[in-house]
Amino acid sequence: MIILAVFLLAFCLSSSKSVTAVKEEKKQKVSPGIEVLLKEEKKLLKGKKVGLITNPTGIDSHLTSVVDLLHDDPEIQLTTLFGPEHGVRGDAQAGASVDFYVDEKTGLPVYSLYGKTKKPTSEMLKDVEVLVFDIQDVGTRYYTYIYTMAYAMEAAKENDIPFIVLDRPNPLGGEAVDGPVLEQEFSSFVGMYPIPLKHGMTVGELATLFNKEFKIGANLQVIKMKGWKRDMDYDATGLPFVLPSPNMPTVSTAFVYPATGLIEGTNVSEGRGTTKPFELIGAPYINGDVLAGKLNALRLPGVQFRGASFTPMFSKHAGQLSHGVEIYVTDRKKFKAVPTGLHLIKTIHDLYPDDFEFLQANNFNLLIGNGWVKGKIDEGSSVNEIMQEYQDDLDAFKKVRKNYLLYR
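Residues numbered from 1 in each chain as written. Predicted model: local features only at pLDDT ≥ 70, side-chain atom pairs only at ≥ 80, totals over all residues. Heavy atoms only, no water.

**Student:** Tell me about the packing of helix α8 (residues 337-351) against helix α11 (residues 383-401), and please be specific about residues and values.
**Tutor:** It is at 10 Å that the axes of α8 and α11 come closest, and there the two elements cross at 135°. On the basis of the axis angle, α8 is oblique to α11. The two elements α8 and α11 cross, and the hand of that crossing is right-handed. Across the interface between the two elements, Val338, Pro339, Leu342, His343 and Lys346 of α8 pack against Val383, Ile386, Met387 and Tyr390 of α11. Among the residues forming the contact of α8 with α11, the class breakdown is seven nonpolar, one polar and one charged. (Axes fitted to C-alpha atoms, helices over the stretch in contact; angles between N-to-C directions. Helix = DSSP H or I, 4+ residues; strand = E, 2+ residues; numbered from the N terminus. Parallel < 35°, antiparallel > 145°, perpendicular 65-115°, else oblique. Left-handed = near helix turned anticlockwise from the far one by under 90°. Contact = heavy atoms within 4.5 Å. Nonpolar A, V, L, I, M, F, W, Y, C, P; charged D, E, K, R; others polar.)

Structure below.
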């Protein structure tokens, strides 16, 4: 009996420790750049007129907007707001221009950095002595916010204004790097610089790389996060997730985006106008069960496909019953987004050669960052052959990337 009692006590203590460890793990949080700035680096803003580039993702760990944090701080003079694609308050759909207006809550002027004017002008910056950037990126080259940052860095350099990046996590983690490196002739607002499709960097790390490698030369300072490690995806940070844009509602969306964002360059719906953009893809001419069967037969790591039907409320095939697949990432560490996206496009291309099309409007070449992948798919090359073609450039980028990593 005594032995049994001792065993039970030891088991209970062990279980208690395990529960405590789990609770502690859940409590662990990353402190984003805005919190570090206000606690430790506020001197960088004191006595200066501050311009802020942000959107709804600019929050602290309690969901308080960076706009309110800076505007309500008596030691900080926030004078001007700048909004990227989708606007400061996130109320504009993809591609929609947002004109100049006055923010109702703060009374501050808001300038759009999407549409005709992507770079802040001297007139916009006339009341700014330091420019702050605080926006959540999603870890994929063709997401436009990192180029809003790059243009703003250029403007800051040209107008002799310090530029501060308040860093945030890469939702996909900071380890996986994959995809073709953009070729400069295909530079656009969905890919300005020769970086791979999945870069594995934070916005602060990208800012340092852009600033030196592409010779922007801004007076740049990155306010690093505390507690973030490269193996963390967003769910491991303990931070609340605010959708960075109307069609990027969850962390799961961000994980498939390097794969299914490429679908935008085709006549297949990427799921815009549904409750699962980028996780649902399809078209009226596709047989979803056949497509799911073909893709699952490839046994791609960390992902499964389910035949699905849906009717988009807007965007491609709006109001039309479409068929295709829903994408389930079953293991984020094993999932290879870029090869998965290429397999997806190649499989649809091969199954429906008379119906499938690459679009001119949402140019596939600009999304993939070159002119040869489309040609390889049309010629019947395998995805492995395509991957081998871009591997040397990817390896070269990885060597350069190491010089700009701020976290382990």
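Following the structure, the description resumes.
**Student:** Summarise the UniProt feature "domain: Peptidoglycan beta-N-acetylmuramidase NamZ C-terminal" (unreviewed entry) in the protein; cite the residues concerned and give the values.
**Tutor:** Here, the residues flagged by UniProt with the feature "domain: Peptidoglycan beta-N-acetylmuramidase NamZ C-terminal" (unreviewed entry) are residues 255-407. Overall, residues 255-407 shows 41% helix and 13% strand. The separation of its end C-alpha atoms is 21 Å. (UniProt positions renumbered as here; feature names shortened; annotations may be inferred.)

**Student:** Go over the domain arrangement of the protein, please, and point to the residues and values.
**Tutor:** For the protein, the assigned domains read domain 1 (33-245) and domain 2 (251-369). Inter-centroid distance (C-alpha atoms) of domain 1 to domain 2 is 29 Å. On the domain 1 side of the contact with domain 2, Tyr142, Leu172 and Phe186 bury the most area, a combined 29% of that side's loss. Applying the counting criterion to the domain 1 and domain 2 interface returns three salt bridges. Taken together, the links from domain 1 to domain 2 amount to nine residue pairs in polar contact (both at pLDDT 80 or more). For the side of domain 1 that touches domain 2, the elements supplying multiple residues, two or more each, are β7 (178-181) and β8 (196-198). With four residues, the top contributor of residues to the side of domain 1 that touches domain 2 is β7. Class assignment of the residues belonging to the side of domain 1 that touches domain 2 gives a composition of 14 nonpolar, four polar and eight charged. (Domains from an automatic or database assignment. Buried area = accessible area lost by both parts, 1.4 Å probe. Salt bridge = Lys/Arg side-chain N within 4 Å of Asp/Glu carboxyl O. Polar contact = N/O pair within 3.5 Å; in protein donor to acceptor, adjacent residues only side chain to side chain.)

**Student:** Break down the packing of aromatic side chains for me, with residues and values.
**Tutor:** Counted according to the given criterion, the structure contains 17 aromatic pairs. An angle of 80° between the planes, with centres 4.9 Å apart, marks the rings of tyrosine 257 and phenylalanine 278 as edge-to-face. Of this pair, tyrosine 257 sits in helix α6 (residues 251-260) while phenylalanine 278 is found in the loop between α6 and β10 (280-283), placing the two residues 21 residues apart along the sequence. Overall, the relative accessible area of 1% leaves phenylalanine 278 in the buried class. Arranged with centres 5.6 Å apart and planes meeting at 65°, the rings of tyrosine 285 and tyrosine 352 form a pair that is edge-to-face. (Phe/Tyr/Trp six-rings, centres within 6.5 Å; stacked < 30°, edge-to-face > 60°. Buried < 20%, exposed > 50% of the residue type's maximum accessible area, 1.4 Å probe, protein only.)

**Student:** A description of the nonpolar core should follow, citing residues and the corresponding values.
**Tutor:** Among the nonpolar cores identified, the biggest contains 94 residues, and Met149, Phe163, Phe210 and Ile348 are the most heavily contacted of them. In terms of residues, this core owes the most to one element, helix α4 (residues 145-158), which gives nine residues. Two domains each put at least three residues into this core: domain 1 (33-245) and domain 2 (251-369). In contact with phenylalanine 210, other than residues within four places in its own chain, are Ile146, Tyr147, Met149, Ala150, Tyr193, Ile195, Lys215 and Ile216. (Core = buried A, V, L, I, M, F, W, Y, C linked by side-chain atoms within 4.5 Å.)

**Student:** Describe α11, with residues and values.
**Tutor:** For an α-helix the count is 3.6 residues per turn, leaving residues at separations of three or four pointing the same way. A rise of 1.5 Å per residue sets the reference length of α11, with its 19 residues, at 27 Å; its end C-alpha atoms lie 25 Å apart and thus fit the reference within 8%. Helix geometry: α11 is bent most strongly at glutamine 391, by close to 45°. The complete set of buried residues in α11 reads Val383, Ile386, Tyr390, Leu394, Phe397 and Arg401. Where α11 is buried, its residues contact β7, β8, α5 (203-213), α8 and α10 (372-379). (Expected span 1.5 Å × (residues − 1). Bend = angle between axes of the 7 residues up to and from the residue.)

**Student:** How would you summarise the sheet that holds β10 if you had to cite specific residues and measurements?
**Tutor:** Overall, antiparallel pairing links the three strands, which are arranged β10-β12-β11 in an open sheet. At either margin of the open sheet sits one strand with a lone partner, and together these are β10 and β11 (303-310). Strand after strand, the sheet turns through a mean of 25° between neighbouring axes, direction not considered. (Pairing = 2+ DSSP bridges.)

**Student:** Help me get a handle on the sheet that holds strand β9 (residues 220-223), residues and values and all.
**Tutor:** Here we have seven strands laid out as an open sheet, ordered β3-β4-β2-β1-β5-β6-β9, and mixed in their pairing. The open sheet terminates on both sides in strands that have one partner only, identified here as β3 (101-102) and β9. With four bridges joining them, strand β6 (residues 163-166) and β9 adopt parallel strand pairing. By the bridge assignment for β9, leucine 166 is matched with isoleucine 223. α4 rests against β1 (49-54), β5 (130-134), β6 and β9 of the sheet, and its axis sits at about 155° to β6.

**Student:** Could you give an account of the pattern of salt bridges, naming the residues involved and the relevant values?
**Tutor:** Tallied over the full model, the rule gives 22 salt bridges. Taking the shortest distance from any N to any O, the salt bridge between lysine 105 and aspartate 68 comes out at 3.0 Å. Remark: aspartate 68 occurs in helix α3 (residues 66-71) and lysine 105 occurs in the loop between β3 and β4 (109-112); sequence separation between them is 37 residues. For lysine 105, a relative accessible area of 59% gives the class exposed.

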